[in-house]
Structures are given as structure tokens and as C-alpha cells.
Amino acid sequence: MSKESLLFCASEVYPFAKTGGLADVAHSLPRALRDTYNIKVVMPLYSCINRKKYSIKSLKKSFSISMNNIEYTAELFGCNYGGVEYIFIYSSLLCDREFLYGIPTEGYADNALRFAIFCRVIVEILRDNTYDIVHLNDWQTALVPLLLQEESLIKAKTLFTINNLAYQGLFAYEVLKEIGIDSKYFTTDVLEFYNKVNFMKAAIAYSDAITTVSQSYADEILTASFGCGLDGFLRYHKNKLTGIINGIDNEHFTPSHDKLLEYPFANLTEKKLNKKSYLKEKSLKGITKPLFIFIGRFTQQKGVDLLINSLEQIASSDCNIAILGDGEEIYQEKIMKIVNEYDNIHFEFKYNEVLSHQMYAAADFLLMPSLFEPCGLNQMIAMSYGSIPIVHKVGGLKDTVHDYKLFDNKSSKGYGILFEKPSSDSLINSFDEAIKLYSTKKDYNKIVKHNMLCDFSWKNSAEQYVKLYKQL
Ligand code: ADP
């Protein structure tokens, strides 16, 4: 039987362009599906992407997209990377930018137009009907199911994944004309959201199936506390909503084969070499002290305020702390102020993949106090790399990190320290628990060793996607 064809669409894919977990998922899920489906991944060819490095070549196919009587040209490029075929869409307005979406606190003013071009070219790619399924991710691709309402000859079924409901693609009403969308769609059951245009609503309304990236988050977004204003709308469409936990890519995140590490490791003795080397490089002292790390985007979502408010108290304990992140500069300033007072905190305000791997390898604990977390990858990477996660019990964190006090060696679950209430006090209490756990080396090592053997790969979740695609 011939394989079915799947077009996987995302606005960022590792290693070409990455701002967060979506890029990891868009890299690793297609790899997990490549033997089951004829799969192609489509993304914008941003100017930051190194065409030479990845042998990205023109596919000699171009389109002219007309919106509001203005023509936008787009050309397709392609490459094969790691056994997956990639299609890149180049259109100057979409791609020639310093950042993917703009600065963290403010997207580019013409993002609606940029990603309308992306969506319209995806529809052009679907036009020859070689794809059975189109798997879309987040607001940047969310207009596709709406555009397909006008295309009776395109047969592909649509699956839309909400990787983070906090980013919905909200724009002023006036963009409708600019992006050539009929105002008949500006109704409460499709695009209208408090007088604004909401791209994500279009996908929720018209996709054949919707997924989000953990079962707990799937439940949470149906409530007012986590629904970002769309909980009622999602409750209305909840029959097509499924939660499927993300996995991490074994090829990229296995400590014994990690090419980004100075000392790839499979046991705690080898892991220690990474800690030693990291501490030395960053001028942190005390190999026997526990090393706590935080890696992530500096946004409210990640609980950076909790971290900042508890940082001085935490740093007063006998430990080292390393923080890596980029995003809102106000957080950088606040952390910097504290860092200057303590010689056991190391802080880097940047995005650096190699450094992040070194930190996971060196760390004893990962701090992840996210206020909400659709899935979260850091905690799974941390457990694979032998550092125990300290997390707020929410969303995907709740589904992947289990209370170490209920440790069961025979279970296949990963264990860590969880706190219920997102407050600095809770974080400090969990930190104190961590210090205590670390001092009982035998218990600490038992959990770490167990976590390192857990399977956080895509295997199970990819099977769930296959099941869903088949239902479509
Ligand atoms: P989100 O997508 O909300 O940012 P996830 O936990 O899903 O969060 O994924 C975050 C990914 O990005 C992980 O692979 C993490 O290691 C990585 N990451 C986040 N910030 C940085 C940074 N400053 N430098 C390097 N890697 C980072």
C-alpha cells in the first residue's frame, strides 16, 4: 500500500530557525513520522537561514499572490535534512527581517500580511492535491483552514496544533482588506474576537481536528483561567480537541551521543566532568554544591517574576545558579541587579543552543516555575540529562514530572519536585526540598539514574498522531 502524504507547516523549525519549543517539535515530530508518511515540512525561508550550509536550492516554482489588488511574489526552495524533505517559502515581505516575528514585547506591524502570504502559498502548494493531510501549527498557519473553505477542489484534511494559546494572532479589523479576506468571516463564530481579527479562531472553527501539546493543557484551556479568552469557543469545539504530549528528539537530546557536549555521558561519573568544566568556564566555585539552572524565554509565562523574587534568598544558600535566557529586557535588568551582588550566580542574556546543552549536562536541578506550560521541553531534556526538575504543577509539566516522594523504581515515569501554587514562597520551599534531597546523595542519585533511563521520545506520541491522521 502506498504511503499517505502529509504536509507539516510551521513558522519555525530547528535547526533552520528557532525561537522556542515549536521549532524543536517541528523538527522532531516529522522525523518520527517519516517512515509512516510521505512527509514534507514547509516553513518560511527567513534571511537568517544559511542556504549554503543546508544546501537549500530553488525548486524553480513561484507563485504570485494577490491581496487587495497588490501582487506578492513567492518562490519555493527545498532541501533534504536528516531524511526529511523541507520546502521553504521565500517572499521578501515575509522573510527579509532581523527577527522571525519582531521583538518579544511587540510583533512586526505587518505580521498579519506576512503570515497571510505564508498561508496563501501553503494553499498553492496543496492545490495539486498530492497531500492527504495538512498539519498546521499556531496562528502563523491558522488562516489555511479558512482559505480552504473557498477551495472546493483541494481535498487535504486539516489538523491544527495549538502549541501555545497565549499567541493567537490578533490584529485590527482593517487588516482583513489588506489580506484579502472577505468580511463575511468577521463573525463571532469565525474571526471576530472583541472587535479584532483573531487568526487562531479561524483554525479552531474550520480545522477537521485540533490538538494541543499535553492532556492537562487540553483540559486547562477549556477553563477561564487558562483559556486566554477562547475557553468558551474551545468548549464549543471540544469534540475535535485532543491532547498529545510532545516528545524530545533522541538524536538531538541523548547525553551519550550529544555532539554539543565536551564530555558526552551515560553515567553520573561522566556527567560530573561536564559540571566541572562548566563551573570552571563560568568561574563558579564548588563542585560539591548543587547547581541549579534556568533556561528559557524571558516572559511572564515562564515564571521569571517568581524566579527574580526568590533569587536572592535562593542564592544565599550553599549552591550555584546559572541562568540562560533571552526576551524582555526588563527581566534582564532585574536579574543583572541581583547577579552583581552574588558571586554564585552566572547569567547570560542570549539564545545559545550549545550553551543550553552544556547547562543541562552540568546541572543538578532545573528550575521551571512557569505560570502555565502547554507542554514544556526543558523538563524532559533535564531529566534525560540527569538533572532533577523543580516545576509548577501545571499543563505539560504536571503530565511529565511526577512527585519524587512517590518514587517507584518500576514505573516508566520521570520524577521531580512539584509545587501547587505559582508563588515565590512555593518556589523557595521546593528549592529547600531540593537542597535536602541533594544532601541525601543516595536518594538523589536513585532518582537521577531512573530519570535518565526514561523514554521521553516521540515514539508513543507519534503513534497517537498517526491514529488521529487515520481518523481524518
Ligand atoms: P517555549 O516553546 O515556550 O519557549 P519549551 O519548553 O517548549 O518552551 O521549549 C524551549 C526550547 O528552547 C528548549 O529546547 C530550550 O532548551 C530552548 N531554549 C529556550 N531558551 C533558550 C536559550 N536562551 N538558549 C538556548 N536554548 C533555549
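Every chain is numbered independently, its residues counted from 1 as its sequence is written. Thresholds applied to this predicted model are a pLDDT of at least 70 for local features of residues and 80 or more for the giving and counting of side-chain atom pairs; totals over whole chains, interfaces and linings are not thresholded and use all residues.

As annotated in an unreviewed UniProt entry, the protein carries the name Glycogen synthase and is attributed to Arcobacter acticola. One UniProt comment on the protein, placed under Function (unreviewed entry), says "Synthesizes alpha-1,4-glucan chains using ADP-glucose." UniProt positions are given in the numbering used here, feature names are shortened, and annotations may be inferred rather than shown by experiment. Reading the Pathway (unreviewed entry) entry of the UniProt record for the protein gives the comment "Glycan biosynthesis; glycogen biosynthesis."

Engineer: Describe the overall build of the protein, naming the residues involved and giving the relevant values.
Structural biologist: Each helix is a run of H or I in the DSSP string that is no shorter than four residues. Each strand is a run of E no shorter than two, and both are numbered from the N terminus. The helix and strand inventory of the protein stands at 17 helices and 21 strands. Using C-alpha atoms as the atom set, the radius of gyration is obtained and then compared with a globule rule of 2.2 Å times the number of residues to the power 0.38. Relative to the compact-globule value of 23 Å for 472 residues, the protein shows a C-alpha radius of gyration of 23 Å, a close match. With the C-alpha coordinates of the protein rotated into their principal frame, the extents come out at 65 × 45 × 40 Å. Exposure in this text rests on C-beta crowding, where 20 or more other C-beta atoms within 10 Å of a residue's own make it buried, 12 or fewer make it exposed, and counts in between make it partly exposed. The C-beta atoms are placed from the backbone. Looking at the protein as a whole, 48% of its 472 residues are labelled buried. Contact between two residues is assigned when their C-beta atoms, built from the backbone, lie within 7 Å. By sequence separation, contacts in the protein at least 24 residues apart represent 68% of the contacts at least 6 residues apart.

Engineer: How would you explain the site of the ligand if you had to name every residue and give the values?
Structural biologist: We call a residue near a molecule or strand if the C-beta atom, set from the backbone, is within 6 Å of it. Taken together, 19 residues sit near the ligand, with Gly20, Gly21, Tyr351, Ser356 and Leu377 positioned nearest. Here the residues of the shell around the ligand are counted per class, giving 7 nonpolar, 8 polar and 4 charged. Per the annotation, domain bounds derive from an automatic or database assignment of domains. Each of domain 1 (5-247 + 459-471) and domain 2 (255-453) gives at least three residues to the shell around the ligand. Lys, Arg, Asp and Glu make up the charged group, whereas Ala, Val, Leu, Ile, Met, Phe, Trp, Tyr, Cys and Pro make up the nonpolar group; the residues left over, Gly among them, are polar.

Engineer: Before we move on, could you go through the UniProt feature "domain: Starch synthase catalytic" (unreviewed entry) in the protein and cite the residues and values that matter?
Structural biologist: If you check UniProt for "domain: Starch synthase catalytic" (unreviewed entry), the listed places come out as residues 7-235 in our numbering. A distance of 28 Å separates the end C-alpha atoms of residues 7-235, which is 27% helix and 29% strand.

Engineer: Which residues make up the UniProt feature "domain: Glycosyl transferase family" (unreviewed entry) in the protein, and what values go with them?
Structural biologist: In the numbering used here, UniProt assigns the "domain: Glycosyl transferase family" (unreviewed entry) feature to residues 280-446. Across residues 280-446, helical content stands at 42% and strand content at 23%; the span's end C-alpha atoms are separated by 27 Å.

Engineer: How would you explain the domain arrangement of the protein if you had to name every residue and give the values?
Structural biologist: With domains assigned, the protein is organised as domain 1 (5-247 + 459-471) and domain 2 (255-453). Each of domain 1 and domain 2 was reduced to a C-alpha centroid, and the two centroids are 32 Å apart. Going through the elements one at a time, helix 1 (21-33) and helix 7 (215-220) are the ones with two or more residues in the side of domain 1 that touches domain 2. A per-element tally of the side of domain 1 that touches domain 2 places helix 7 first, with 4 residues. Counted by class, the side of domain 1 that touches domain 2 contains 6 nonpolar, 10 polar and 2 charged residues.

Engineer: Can you lay out the environment of Phe372 for me, pointing to particular residues and giving the numbers?
Structural biologist: Among the secondary structure elements, Phe372 is positioned in the loop between strand 18 (365-368) and helix 13 (378-384). Phe372 sits in the buried class, given 24 other C-beta atoms within 10 Å. In the structure, Phe372 is positioned 239 residues away from Ile133 in sequence and 30 Å away in space, judged by C-alpha atoms.

Engineer: Describe in detail the pairing of strand 8 (residues 133-137), supporting the description with residues and values.
Structural biologist: Within strand 8, 5 of the 5 residues are buried, leaving the element largely enclosed by the surrounding structure. Because side chains alternate across strand 8, one face comprises the buried residues Ile133, His135 and Asn137, and the other comprises Val134 and Leu136, equally buried. When DSSP finds two or more bridges between a pair of strands, those strands are recorded as paired. Relative to strand 8, strand 1 (residues 5-9) is paired through 4 bridges, and the arrangement is parallel. Bridge pairing in strand 8 places Leu6 opposite Ile133. Alignment of strand 8 against strand 9 (residues 157-162), held across 5 bridges, turns out to be parallel. Paired with Asn137 across the two strands is Thr161, which belongs to strand 9.

Engineer: For helix 1, give the residues involved together with the corresponding values.
Structural biologist: Over its 13 residues, helix 1 runs 18 Å from end to end, which matches the ideal 18 Å to within 8%, given 1.5 Å per residue. Among the 13 residues of helix 1, 13 are classified as buried, and the element is accordingly described as predominantly covered. Expected span of a helix: the number of residues minus one, times 1.5 Å.

Engineer: How would you summarise the sheet that holds strand 1 if you had to cite specific residues and measurements?
Structural biologist: Neighbouring strands of a sheet are bound in pairs by backbone hydrogen bonds; such pairs are parallel or else antiparallel. If you walk across this open sheet you meet the 9 strands as 3-4-5-2-1-8-9-13-14, and the pairing is mixed. Strand pairing shows two members of the sheet lacking a second neighbour, strand 3 (57-67) and strand 14 (241-243), which therefore form its edges. Within the sheet, the average angular offset between the axes of one strand and its neighbour, ignoring direction, is 25°. Bridge count for strand 3 against strand 4 (residues 70-81) is 9 bridges, and the pairing is antiparallel. From the neighbouring strand, Met67 faces strand 4, where its bridge partner is Ile70. Every axis in this analysis is a line fitted to C-alpha atoms, fitted for helices over the stretch in contact. Angles between the N-to-C directions lie between 0 and 180 degrees. Sheet strands in contact with helix 1 are strand 1, strand 2 (38-44), strand 5 (84-90) and strand 8, and its direction is about 160° off that of strand 2. Set on the sheet, helix 3 (residues 111-126) makes contact with strand 1, strand 2, strand 3, strand 4, strand 5 and strand 8; between it and strand 3 the angle comes to about 115°.

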